[in-house]
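Descriptive structure summary
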Amino acid sequence: TPAYAKILDIGGSQNPIKGRVCDFDKNTEYKILDLEQPHEKKQKPDIVWDINKEIEPLDLENKFDVVFCVEVMEYVYNPLKALNNIWRFLKKGGILYLSTHWLYCSHNPVGLDYLRYSKAGIDKLLQETGFEIVEIIPRELSHEGLKLLSQFYQAEGMRWNKEDYQEGYLIIARKGGEEKND
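A short tour of the structure in this document, coming up. (Residues numbered from 1 in each chain as written. Predicted model: local features only at pLDDT ≥ 70, side-chain atom pairs only at ≥ 80, totals over all residues. Heavy atoms only, no water.)

1. A look at the packing of helix α1 (residues 79-89) against helix α2 (residues 119-128)
We count it as follows: For every element, the axis is a line fit to its C-alpha atoms; helices are fit only across the contacting stretch, and the angle between N-to-C directions ranges from 0 to 180 degrees. Secondary structure counts use DSSP, requiring at least four H or I residues in a row for a helix and at least two E residues in a row for a strand, with both numbered from the N terminus. Any angle from 65 to 115 degrees is called roughly perpendicular, while one under 35 is roughly parallel, one over 145 is roughly antiparallel, and all others are oblique. Left-handed describes a crossing whose near helix is turned anticlockwise from the far helix by less than a right angle; the clockwise case is right-handed. Residues count as neighbours in contact if any of their non-hydrogen atoms are within 4.5 Å of one another. Residues were grouped as follows: Ala, Val, Leu, Ile, Met, Phe, Trp, Tyr, Cys and Pro as nonpolar; Asp, Glu, Lys and Arg as charged; and all remaining residues, including Gly, as polar.
Where α1 meets α2, the closest approach of the two axes is 9 Å, and the angle between their N-to-C directions is 55°. As the angle between them shows, α1 and α2 are arranged oblique. By crossing handedness, the relation of α1 to α2 is classed as right-handed. Mapping the contact onto sequence places P79, L80 and L83 in α1 and L125, L126 and E128 in α2. The residue inventory of the contact of α1 with α2, partitioned by class, reads 5 nonpolar, no polar and 1 charged.

2. Brief notes about the nonpolar core
It is characteristic of soluble globular proteins that their nonpolar side chains tend to be buried jointly. Where we set the bar: Nine residue types can take part in a nonpolar core, namely buried Ala, Val, Leu, Ile, Met, Phe, Trp, Tyr and Cys, and a core is a set of them joined through side-chain atoms within 4.5 Å. Burial classes: relative accessible area under 20% of the type maximum marks a residue as buried, over 50% as exposed, and values in between as partly exposed (1.4 Å probe, protein chains only).
Grouped together as the largest cluster of nonpolar side chains are 30 residues, with contacts concentrated most on I10, I86, F89 and L96. Those elements giving two or more residues to this core turn out to be β1 (6-10), β4 (64-69), α1, β5 (90-101), α2 and β7 (168-175). If one sorts the elements of this core by residue count, α1 sits on top with 5 residues. Excluding residues within four positions of it along the chain, L96 makes contact with V67, C69, L83, I86, L90, L126, F131, I171, I172 and A173.

What follows is the structure in structure tokens.
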């Protein structure tokens, strides 16, 4: 990221990106957006808000160069609204780092883990909300994990796409021209 970047870390109260994934220049403006009561809070959010809700009350539009939304999408119950909001947060040409799960069991907090995303599903959602996908990086299963999953599917008589056996994805996307759906 450039030295002057403005960065938003959605859901970062539990495990902030800053210092975990990368370090930022001292001139970088780094903000965490999270719920008032995340299930764990290591760092207080700078912006308290739910990305499933309307953005209008907040002055966040076209403000950030980079948005991280890492290990959050399974808690999103309104993905089109959430991705439209993220699109609005970014400056034109801004970059989104997004991670999703596909083969991951329901986890804490109980009752707040909502969705899983296939590669085709997240690709469609991002396109519908005006993002241009730069790269989709699969989060691959270990050899042993894939072997066990295959045995499970066979035992259950399930048919599966052997080309798409990833645990999830890390997506890098760029804010395109106009958002498309709400």
